[in-house]
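# An overview of the molecular structure
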Amino acid sequence: MDVTLKDILAEIRNLSYLFYGYSVIWIIILGYVFTLSRREQNLRGQVEELRRTVDAEESDQSTVDSRQSPDRTGRSLSRDQ
Amino acid sequence: MARHSDRWLDVLGLATGVFIVAGLYMAFMYAPTEVNMGLVYRIFYFHLGSVAAGFIAILLVFIAGIAYLRTGARAWDRVAEAAAEIGVVFCTIALLTGSIWARPIWGVWWTWDPRLTSFLILWLIYVAYLMLRASARDDPRVARFSAVFGIVGAIDVPIVIMSARLWRSISPVLFQETQQGFTFGLTPEMVQTLMVCITGFMLLFFYLLAQRVRLEALRDQVLAIRRARAAREEAQAPARVERPVGAGRRVPASNRP
């Protein structure tokens, strides 16, 4: 069977579509994996930040509670009382 | 427990990688070139892998939706949402690669063929599902409504599969009924390659699903911490309100007892 220039050009054109097809597949999959990883990092950061904030608030609250608790003479140690 | 599940996830990720690399090798080096379509037909292996993974995702949305409506467990809702998102990703790949494959074979990027149209409708249904979920993420009513939407949307899957048989379609019918029963209409090498590619994308789907469900669990954790914080602040608020308004103000001598 003779292979003409037309056949070769058609094969090259076919090859370019094959390239586009596989590029689309891997760009979409890698893009999705990248967004998943970004979202996970973001959420982990939020969890850490919230935990730090909650810990800080709890320690502040315990300080305030200890200041407000009455001493042996029945007087409060709190500044605003 | 977390380490154990991480190990399983690593094994799943490794198996996914092995199958995908093997599928790529087989699609380009092992499977013979199709006589009429030439090289471009090799898109078919991962195109069909994406379709299979998309259908499995939608089947899972369907099952998880029913389970959520029956039990009300948030875990099922997480699975449904994650599966729908990944299903849309795979259906997008299938739509785009199908279009790229159609251009040199049919001469057009898109045609309103029954299979293509029903598949586009399926894609639109699950994009709408994700938009619905994004509109009010933490509302249980939206979760219930989404579950119903996901279940009803899955009805389109058998329509997509049967469309090429039910109506006149230019899409190829993969399973052909012959005297020996149902056959693929492909050479054994092509069938083997197709199976490896489909398995690779199925494993990739389950790997991404596990990661996505984990992400959703993390988001629930953020919400739980925020809610606990808000509840504590609310509990502390009345104490501040109950404090006498004029506590520090000087009282005129005439008003003193």
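Residues numbered from 1 in each chain as written. Chains lettered and ligands numbered in written order. Predicted model: local features only at pLDDT ≥ 70, side-chain atom pairs only at ≥ 80, totals over all residues. Heavy atoms only, no water.

## Quick notes on helix α5 (residues 140-153) of chain B
All names here are of chain B. Taking 1.5 Å as the rise per residue, α5 with 14 residues should run 20 Å; its terminal C-alpha atoms sit 20 Å apart, in good agreement. Each element contacted by the buried residues of α5 is listed here: α2 (43-71), α3 (74-106), α4 (114-135) and α6 (156-166). Backbone nitrogen of arginine 141 and a side-chain oxygen of the N-cap are separated by 3.0 Å at the start of α5; the cap is aspartate 139. (Helix = DSSP H or I, 4+ residues; strand = E, 2+ residues; numbered from the N terminus. Expected span 1.5 Å × (residues − 1). Contact = heavy atoms within 4.5 Å. Polar contact = N/O pair within 3.5 Å; in protein donor to acceptor, adjacent residues only side chain to side chain.)

## Remarks on the interface of chain A and chain B
Of the residues lining the interface, 31 residues belong to chain A; the matching set on chain B comes to 40 residues. Of the roughly 3,300 Å² buried where chain A meets chain B, counting both sides, 71% is carbon and sulfur surface. Three residues, Tyr17, Tyr22 and Tyr32 of chain A, lead the burial of chain A against chain B; their summed loss comes to 19% of the area buried on that side. Where chain A touches chain B, the interface holds two salt bridges. Note that arginine 39 of chain A is salt-bridged to glutamate 85 of chain B, the shortest N-O span being 2.7 Å. The interface formed by chain A and chain B includes four residue pairs in polar contact (both at pLDDT 80 or more). In terms of residue class, the side of chain A that touches chain B is made up of 17 nonpolar, five polar and nine charged. (Buried area = accessible area lost by both parts, 1.4 Å probe. Salt bridge = Lys/Arg side-chain N within 4 Å of Asp/Glu carboxyl O. Nonpolar A, V, L, I, M, F, W, Y, C, P; charged D, E, K, R; others polar.)

## Side note on the pattern of salt bridges
All names here are of chain B. Throughout the structure, instances matching the rule amount to 14 salt bridges over all chains. Where arginine 214 meets aspartate 6, a salt bridge forms, and the shortest distance between an N and an O atom there is 2.8 Å. Of this pair, arginine 214 sits in helix α7 (residues 188-242) while aspartate 6 is found in helix α1 (residues 2-30), placing the two residues 208 residues apart along the sequence. Of the charged contacts in the structure, one is a salt bridge between arginine 133 and aspartate 77, with a shortest N-O distance of 2.8 Å. Here arginine 133, found in helix α4, pairs with aspartate 77, found in helix α3; they are 56 residues apart in sequence, far enough to count as distant. Comparing arginine 133 with aspartate 77, the two get one shared label, buried. (Buried < 20%, exposed > 50% of the residue type's maximum accessible area, 1.4 Å probe, protein only.)

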